[in-house]
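These are the residues of each chain, in order.
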Amino acid sequence: MKKVLIMNGPNLNMLGIREPGVYGTVTLQMIKQNLQVKAAELGIDLTFMQSNHEGVIIDTIHAAHAAMDGIVINPGAFTHYSYAIRDALSSVDVPVVEVHLSNIHKREEFRHTSVTAPVVIGQIAGFGPYGYELGLLALNQHLNS
Ligand code: DQA
């Protein structure tokens, strides 16, 4: 069974409450439950985490080396400036898909840059919670190819 780690960065624990006009009303718990159903259909063993702390995210990426077959990550605002998370992602030999609920490219200028995008397979942005499912499908396709 393939093992996939779903990672969520800062403030994503506030989904449902946080800026519903931008991020919608679906909570992270609902996203997790939906992904668990999809993962079971795909025969994937899913691990789900969220942290507001850069170091915890980095430690979790390191621990994924040789333990996980793939990562789907929404790094939240760290996307735009955390070279440390970018370096952690490129330190481990694990394929990564980057997901954003919102289309970061049509928002504020500072969100247009992703420092993590160059070290991942691809980026999915703008499809709301469905982006996580798309990310899982894309990763699964990559792992099977
Ligand atoms: C986000 C976009 C980021 O710019 C923002 O800081 C987030 C969420 C998204 O999923 O759309 O926290 O990653």
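Please refer to the structure placed before this passage.
Just so it is clear, the structure is predicted and the values come from calculations on it, not from any experiment. (Residues numbered from 1 in each chain as written. Predicted model: local features only at pLDDT ≥ 70, side-chain atom pairs only at ≥ 80, totals over all residues. Heavy atoms only, no water.)

Draft legend 1. Just the overall build of the protein chain, in detail. Of the regular secondary structure elements, the protein chain holds 5 helices and 5 strands. At 14 Å, the protein chain has a C-alpha radius of gyration in line with the 15 Å of a compact globule built from 145 residues. Referenced to the eigenvectors of the C-alpha coordinate spread, the extents of the protein chain come out at roughly 40 × 30 × 25 Å. The contacts of the protein chain with a sequence gap of at least 6 include a subset with a gap of at least 24, amounting to 77%. Surface exposure of the protein chain reaches about 7000 Å², of which carbon and sulfur atoms provide 53%. Charge centroids of the protein chain, computed over 9 positive and 12 negative side chains, lie 5 Å from each other. (Helix = DSSP H or I, 4+ residues; strand = E, 2+ residues; numbered from the N terminus. Rg over C-alpha atoms; globule rule 2.2 N^0.38 Å. Contact = heavy atoms within 4.5 Å. Areas by Shrake-Rupley, 256 points an atom, 1.4 Å probe, with all protein chains shown as cover. Lys, Arg positive; Asp, Glu negative; His and termini not counted. Charge placed at Lys NZ, Arg CZ, Asp CG, Glu CD.)

Draft legend 2. Focus on empty space enclosed by the protein. In this structure the tally under the stated criterion is 1 cavity of 30 Å³ or more. Considering only enclosed or pocket space, the largest cavity measures out at about 130 Å³ in volume. Forming the boundary of the largest cavity are 14 residues, of which Tyr23, Asn74, Gly76, Ala77 and His100 lie nearest the centre. Considering only residue class, the lining of the largest cavity consists of 6 nonpolar, 5 polar and 3 charged. (1 Å grid on protein atoms, 1.4 Å probe; cavity = no way out; pocket = protein on both sides within 12 Å on 5 of 7 lines; lining within 4 Å. Points joined across faces, edges and corners; volume = space filled by probe spheres on them. Nonpolar A, V, L, I, M, F, W, Y, C, P; charged D, E, K, R; others polar.)

Draft legend 3. The nonpolar core, seen in detail. Within the largest apolar cluster, 20 residues are counted, with the highest numbers of intra-cluster contacts made by Val4, Ile6, Ile31, Leu35, Leu46, Tyr132 and Leu136. Of all the secondary structure elements, the ones that give two or more residues to this core are β1 (2-8), α2 (28-42), β2 (44-50), β4 (96-100) and α5 (130-144). Those residues in contact with Ile31, other than ones at most four positions away along the chain, are Leu15, Val26, Phe48, Leu101, Pro129 and Tyr132. Among the nonpolar cores identified, the runner-up in size contains 18 residues, and Leu5, Ile57, Ile85 and Val120 belong to it. (Core = buried A, V, L, I, M, F, W, Y, C linked by side-chain atoms within 4.5 Å. Buried < 20%, exposed > 50% of the residue type's maximum accessible area, 1.4 Å probe, protein only.)

Draft legend 4. Focus on helix α4 (residues 83-91). Taken residue by residue, α4 has Ile85, Ala88 and Leu89 as its buried positions. Projected down its long axis, α4 carries its buried residues within an arc of 100 degrees, all on one side. Within α4, the exposed residues directed more than 90 degrees away from the buried face are Tyr83 and Ser91. Each element contacted by the buried residues of α4 is listed here: α3 (54-64) and β4. (Arc of directions from axis to C-beta.)

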